[in-house]
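Topology and contacts: notes
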Amino acid sequence: MLVVADPEQLPVTQARAGDPAAWDVLFRRYQLPLYVYVFELVQDEQASLDIVQETFINAARYIGGLREDGKFGGWLFGIAHQKCLQRWRKHTREESALEAARPAAAEFEAAPDDLLIRQEHEEEFMRLVNQLPPPQRSVLLLHFVEDFSLDQIAEITGAAPGTVKSRLHYAKKALRKLTEKEP
């Protein structure tokens, strides 16, 4: 689960002023959560790295437009979300399929049997999540994996809060159906 730092501890004001050390702190804080979110959406390691990099480049370029420093995390995820949407649209136009294979995530746990069981469950869950339409998948990941509120997800995705609730509802319903079909 994403642990959000106290907004006052994040040096957003200093980053806005162009302080490289502040950007380093923000990058270290958000790099991994952004990568995980983007990777679960696009299922491509290199594309995920590119999108995270583009997200931070855009954040540095447009941080002057951020009105509330405390909303930096949601704003950053919103930029990444838009980059993912652009990628989906591009691949739809090109009629390309997303890469199906997903490399196993590196785990750092002591018990190998626990690791295998957990990895199997995660892989099964992500296989089911990947069967959902992108808008539902995105809302589900933002809510349950990244722990954003429905209002924050609405800001990130640019959808109305009612639409976010609806997408989350239908995503959970679709996941239930998919799990019932599994042997």
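Anything mentioned here points back to the structure above.
Before going into details, it helps to say that this report is about the structure given with it. (Residues numbered from 1 in each chain as written. Predicted model: local features only at pLDDT ≥ 70, side-chain atom pairs only at ≥ 80, totals over all residues. Heavy atoms only, no water.)

**Remarks on the packing of helix α6 (residues 134–145) against helix α8 (residues 161–181)**
Contact pair α6 / α8: the axes reach a minimum separation of 8 Å and the direction vectors enclose 95 degrees. If you check the angle between α6 and α8, you find them roughly perpendicular. Two secondary-structure elements touch here, α6 through P135, Q136, V139, L140, H143 and F144 and α8 through V164, R167, L168, Y170, A171, K172, A174 and L175. Of the residues contributing to the contact of α6 with α8, the split by class is 10 nonpolar, 2 polar and 2 charged. (Axes fitted to C-alpha atoms, helices over the stretch in contact; angles between N-to-C directions. Helix = DSSP H or I, 4+ residues; strand = E, 2+ residues; numbered from the N terminus. Parallel < 35°, antiparallel > 145°, perpendicular 65-115°, else oblique. Contact = heavy atoms within 4.5 Å. Nonpolar A, V, L, I, M, F, W, Y, C, P; charged D, E, K, R; others polar.)

**Section: the pattern of salt bridges**
Inspection of the entire model under this criterion finds 6 salt bridges. The residue D44 makes a salt bridge to R87 at a minimum N-O spacing of 3.6 Å. In this pair, D44 sits in the loop between α2 (20–42) and α3 (45–62) while R87 sits in helix α4 (residues 72–93), placing the two residues 43 residues apart along the sequence. In this structure, E155 and K71 form a salt bridge, with 3.4 Å as the shortest nitrogen-oxygen distance. Note that E155 is positioned in helix α7 (residues 150–157) and K71 in the loop between α3 and α4, a separation of 84 residues in sequence. Under the relative-accessibility criterion, E155 is labelled exposed at 53%. Classification of K71 by relative accessible area gives partly exposed; the value is 35%. What emerges from the salt-bridge pattern is a single network uniting E68, K71 and E155. (Salt bridge = Lys/Arg side-chain N within 4 Å of Asp/Glu carboxyl O. Buried < 20%, exposed > 50% of the residue type's maximum accessible area, 1.4 Å probe, protein only.)

**Comments concerning the environment of V139**
You can see V139 is positioned in helix α6. The sequence separation of V139 and T163 amounts to 24 residues, and the corresponding C-alpha distance is 10.0 Å. Aside from chain neighbours lying at most four places away, what touches V139 is I153, V164, R167 and L168.

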